[in-house]
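Observations on the model geometry
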Amino acid sequence: MEKSLQASEKRSGKVPDNASSEELVKMEGIHKWFGEVHALRGVDFSISRGTTVGLIGDNGAGKSTLIKILAGLIERDRGKIYYRGKEVEIESVRQSQQLGIETVFQEQAIVDPLSVARNIFLGREEVHSAGFGKIMDDDKMLEETEELMDELNLDIASPDQEAEFCSGGERQGVAIARAMFFDADVLILDEPMRALSVSGKEKVEDYIGKAREQGTGIIYITHDLHRVYPVADRFVFLSRGEKEMDVKKEDCSLDELSKLYRRGEE
Amino acid sequence: MNISGKDIALWFIQNFVWLLAGAFFIVFSVTLGGMFFNLNNLHFIFYVSSMIGMLVLAESIALISGNFDLSVAQNAGLTAMLTGVLIIKFNIPGLVAVFLTIIIGGILGAFNGYFIGKRGLNPFLVTLSTYLMFDWLTYVIRQTSILDLPGIYMFPGQGKIGGIYAAIFIFLIAAVLLFLFLKKATYGNYIYAVGGNPDATVMVGVNAGNVVFWVFVLSGALSGVAGLLYTGYAGAVTSTLADGKMFMAFAGAIIGGISLAGGRGTATNAVGGIILIGIIEAGLTMMMISPQMQGFLKGVLVFVAILINQFRTTFRKRLLMPS
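Scope of this entry: the structure provided in the associated data block. (Residues numbered from 1 in each chain as written. Chains lettered and ligands numbered in written order. Predicted model: local features only at pLDDT ≥ 70, side-chain atom pairs only at ≥ 80, totals over all residues. Heavy atoms only, no water.)

1. What to know about the packing of aromatic side chains
Going by this rule: Whether two aromatic rings pair depends on their centres lying within 6.5 Å, for rings of Phe, Tyr and Trp, where Trp uses its six-membered ring; planes under 30 degrees apart make the pair stacked, over 60 edge-to-face, and the rest tilted. Under the DSSP-based scheme used, a helix requires at least four consecutive residues in state H or I and a strand at least two consecutive residues in state E, with every element numbered from the N terminus. Burial classes: relative accessible area under 20% of the type maximum marks a residue as buried, over 50% as exposed, and values in between as partly exposed (1.4 Å probe, protein chains only).
Overall, the coordinates contain 20 aromatic pairs over all chains when judged by the stated rule. Ring geometry for A:Phe121 versus A:Phe181: centroids 5.0 Å apart, planes at 65°, classification edge-to-face. Taken together, the positions of A:Phe121 in helix 4 (residues 116-121) and A:Phe181 in helix 6 (residues 168-181) put the pair 60 residues apart, joining distant regions of the chain. Both residues of the pair, A:Phe121 and A:Phe181, belong to the buried class. Ring geometry for B:Phe213 and B:Trp214: centres 5.2 Å apart, planes at 85°, overall edge-to-face. The class for B:Phe213 is buried, based on a relative accessible area of 16%. Joined through ring pairs, the aromatic side chains of B:Phe24, B:Phe25, B:Phe28, B:Phe36 and B:Phe37 make up one cluster.

2. A word on the interface of chain B and chain A
Interfaces are often sized by the accessible area lost when the parts come together. For the record, the criterion: Contact criterion: two residues are considered in contact whenever any of their non-hydrogen atoms come within 4.5 Å of each other. Buried area: the sum, over both parts, of the accessible surface (1.4 Å probe) that disappears when the two are put together. The term salt bridge refers to a side-chain nitrogen of Lys or Arg lying within 4 Å of a carboxyl oxygen of Asp or Glu. Counted as a polar contact is a pair of N or O atoms within 3.5 Å, where, for protein atoms, one must be capable of donating a hydrogen and the other of accepting one, and residues adjacent in sequence contribute only when both atoms are in side chains.
Counting residues at the interface gives 24 residues for chain B and 26 residues for chain A. When the two sides are added together, the surface that chain B and chain A hide from each other amounts to roughly 2,200 Å², 61% of it contributed by carbon and sulfur. On the chain B side of the contact with chain A, B:Lys184, B:Met203 and B:Val204 bury the most area, a combined 31% of that side's loss. Linking chain B with chain A are 5 salt bridges. At the boundary of chain B with chain A, the tally comes to 13 residue pairs in polar contact (both at pLDDT 80 or more). Elements with a minimum of two residues in the side of chain B that touches chain A: helix 8 (166-184), helix 9 (186-196), helix 10 (198-203) and helix 14 (291-320) of chain B. The element contributing the most residues to the side of chain B that touches chain A is helix 9 of chain B, with 6 residues.

3. Examining the sheet that holds strand 10 (residues 217-222) of chain A
Residue and element names in this part refer to chain A. Rules: At least two bridges found by DSSP between two strands is the condition for calling them paired. Fitting a line to C-alpha atoms yields each axis, with helices limited to the stretch in contact; the angle taken between N-to-C directions then spans 0 to 180 degrees.
One open sheet accounts for 6 strands, arranged 6-9-10-3-11-12; its pairing is mixed. Of all strands in the sheet, those with a lone pairing partner are strand 6 (101-104) and strand 12 (242-248), marking the two edges. Within the sheet, the average angular offset between the axes of one strand and its neighbour, ignoring direction, is 15°. In the sheet, strand 9 (residues 186-190) pairs with strand 10 via 5 bridges, with the strands oriented parallel. Residue pairing across strands places Ile188 opposite Ile219, the latter belonging to strand 10.

4. Side note on unusual backbone geometry
Non-glycine residue A:Arg240 carries a positive phi angle of around 50°. Inspection of the secondary structure puts A:Arg240 in the loop between strand 11 (234-239) and strand 12. For A:Arg240, a relative accessible area of 53% corresponds to the exposed category. Even without being glycine, B:Met288 reaches a positive phi, approximately 60°. Turning to its location among the elements, B:Met288 is positioned in the loop between helix 13 (267-286) and helix 14. Residue class for B:Met288 comes out exposed when judged on its relative accessible area of 72%.

What follows is the structure in structure tokens.
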């Protein structure tokens, strides 16, 4: 429960000032092979608190592989990962979550037949003791989901509504709400605007803004430069498994970034 | 609490199987009069339903997890045979043997669970092969019946408590526990989640392979108990104890509205499916309908159930989809 207390403090904006520029994640010389395919070739990557990094690159550039390593879905073959300055091993999604890394996958990790509340708490349900064992505390999960929906202006009829009946934007909102509730220090968004309507995209941008205000470090993976440019502070460009560029927004206009991106693709 | 027309419509479509069971009950009661509508007959319908009911529960949990199990009935038959042989060879006490059926059934289920959950093999192919293995192994072990079994071992399948067959209580307890487990336990929630979207379940950190493994263990244990009840019902272990029951296990689950796509359905509606089949079987038998025609009509019933389920899904979506 300590975790959710921290989360609510964070959601209320109480982020310590001295933590504002803290380096949250640092990945050094990450290599990954899939059989003969060398998917990541010694990639370095880092993100600090309260910043948004646009991780860009074409299909097959290695973006998803890099974040899957950070999210604990696959293991790296070589390289080091530091979390808040300390070297860590991330061998499972659980370990990644325990560190404070939450991922919103482009496949949208949402289970249609489950309610919005059960989706948000899936894998980390609120439980209470029933004498013979622990059972899920649905009332608590519904109540907390309702609060979270209010904070994110997530306009879903009820936290008890099945996720199947949410729009694309709402589903992304649910996935982001899950990440925020569990006190994400680092929020990974893999193509968060994919298949969304214009209003859905605006909603997701709004959620991202809120997470950032609360001090979350956001990794925004996309190949849509026009969407990521306004919200990111830094851009890391991957091409064929290598880091081609790591540039701050103030040092690079959208036009320059587009040119570099096109050149990197060639 | 405000109850809207939509809530009532939703309740009706979600519990449609009970309405259908009620409708058939009334039709047979009116047509057959006192021969059908009497307590003894109802008692017997519930008694027979409780055995197939255990298999329907076993099938339902596999279906909810997005898998299916062709071997539930053969598991029941093999478990009964193995336990029977162990009793006569090693003189195992009856009470121990009762619990042994749960363990043996669970182990047979674990075989399916390991290859489907942990090795990612196709559930149809794995359970088709275990269907054949379990079925023929039963004959390989022994082709003659085992008659001389301890009274306490036979009690769950043929004994009575307060004039009511113990099998009915055992089935109802299993159904209620399964219902609560699926609805309230975190692991029950994972079973729905794995059935609804296994990839998403993995992405949030749940070990989906483990969940599937334990689903098949549980399904196997329930099948083992079915074997125990069938033994009591038949008064012996025979090598054909659960033959032909696999079809009915599926039918009960489908009629009860368990989704073949996974992630949806409740144990209570599966019970409704079992009772509906029990009522129809008893009614048709009393109407002197031939077994061949009954078999055909059961097929029709399953087909109609599939159509009803499709209509139910579409109608439910229309009701719940935000305008």
